[in-house]
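Now for the letters of each chain:
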Amino acid sequence: TFEKDIEIANGYPGLPFKTIDACYVDTISYPTPQLYIFSGTKYARWDLKENKFKGVNDIARGYPGVPFLSFDACYIDYWSYSSPQVYIFSGKKYARFDTKTGKCEGINDVSKGFPSVPYQVFDDILLDNWTYPNPKIYIFNGIDYYMYDLKTNTRERIQSIGLFGEGEEAHFWPAIFYKFQ
């Protein structure tokens, strides 16, 4: 349950960012899960098991071939390809980056790759690969979000963050409110 705001520096000691634009967790490339945190033109790696900052790099150096200066949202797809692919969103475009080869596999318009989603810019994405039989992403735009099935490549529903009302669901997406205020 969400209780209060915490400064990024308090939650991630040593992390050199005051803001976070996007992030994803890689559970395959290292012996322990790694959180990749993007801010502006840089990114940091945080070891989730050790709860420790592991270093910072330029996006251009760590994600060669990806033409974006900064990332708006991203998630990692372990299901659709033989090696993990990071989907990286910036403005109205997205890139697919192969984590094993370290190469950009292509760039596409959001409207072409996600045609059933009615907006072209994603403010944030949350991957859910444990609640449902098929992995889902929640695609956020303003106070609305879509649930999207990655296996069937279909939009399943839209919901407004502001319509949760009372009880436990009212606190389901507390951190998202701050990104859009």
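Residues numbered from 1 in each chain as written. Predicted model: local features only at pLDDT ≥ 70, side-chain atom pairs only at ≥ 80, totals over all residues. Heavy atoms only, no water.

Engineer: How should I be thinking about the pairing of strand S5 (residues 73-77) in this particular structure?
Structural biologist: Regular strands place side chains that alternate from one sheet face to the opposite one. A large share of S5 lies buried, amounting to five of its five residues. Residue alternation in S5 divides its side chains into two sets, Ala73, Tyr75 and Asp77 and Cys74 and Ile76, and both sets are buried. In the sheet, S5 pairs with strand S6 (residues 85-90) via five bridges, with the strands oriented antiparallel. By the bridge assignment, aspartate 77 is partnered in S6 with glutamine 85. (Buried < 20%, exposed > 50% of the residue type's maximum accessible area, 1.4 Å probe, protein only. Helix = DSSP H or I, 4+ residues; strand = E, 2+ residues; numbered from the N terminus. Pairing = 2+ DSSP bridges.)

Engineer: What exactly am I supposed to notice about the pairing of strand S3 (residues 42-47) here?
Structural biologist: Within S3, five of the six residues are buried, leaving the element largely enclosed by the surrounding structure. As paired strands, strand S2 (residues 34-39) and S3 are joined by six bridges and run antiparallel to one another. The partner of serine 39 across the bridge, within S3, is lysine 42. Counting the residues between successive antiparallel strands, the hairpin from S2 to S3 contains two residues, one of them, glycine 40, with a positive phi of roughly 60 degrees. Where S3 meets strand S4 (residues 52-58), six bridges bridge the pair, whose relative direction is antiparallel. Each bridged residue has a counterpart across the sheet, and for lysine 42 the counterpart in S4 is aspartate 58. Following S3, the chain reverses through four residues before pairing antiparallel with S4; asparagine 51 in that reversal takes a positive phi of roughly 55 degrees.

Engineer: Any chance you could explain the environment of lysine 49 here in plain terms?
Structural biologist: Mapped onto the elements of the fold, lysine 49 is located in the loop between S3 and S4. Separated by 15 residues in the primary sequence, lysine 49 and glutamine 34 place their C-alpha atoms 8.2 Å from one another. In this view, lysine 49 contacts Thr32 and Pro33; residues no more than four positions away in its chain are not counted. (Contact = heavy atoms within 4.5 Å.)

Engineer: Please explain the sheet that holds strand S11 (residues 144-149) as it appears in this structure.
Structural biologist: Within a sheet, adjacent strands bond to each other through the backbone by hydrogen bonds, running parallel or antiparallel. Spatially, four strands are ordered S9-S10-S11-S12 in an open sheet, and the strand pairing comes out antiparallel. What marks the edges here is a single partner per strand, and that holds for strand S9 (124-128) and strand S12 (154-160). Strand-to-strand twist in this sheet, taken as the mean axis angle between neighbours without regard to direction, amounts to 20 degrees. By the bridge criterion, six bridges tie strand S10 (residues 136-141) to S11 in an arrangement that is antiparallel. (Axes fitted to C-alpha atoms, helices over the stretch in contact; angles between N-to-C directions.)

Engineer: Where do I start with unusual backbone geometry in this structure?
Structural biologist: Trans is the prevailing form of peptide bonds, just as negative phi is the prevailing case for residues other than glycine. Backbone geometry at asparagine 51 places phi at a positive 55 degrees, although glycine is not the residue there. At asparagine 153, a residue that is not glycine, the phi angle is positive and equals roughly 55 degrees. As for its position among the elements, asparagine 153 is in the loop between S11 and S12.

Interpretation note: all reported values are geometric properties and have no functional meaning in isolation.
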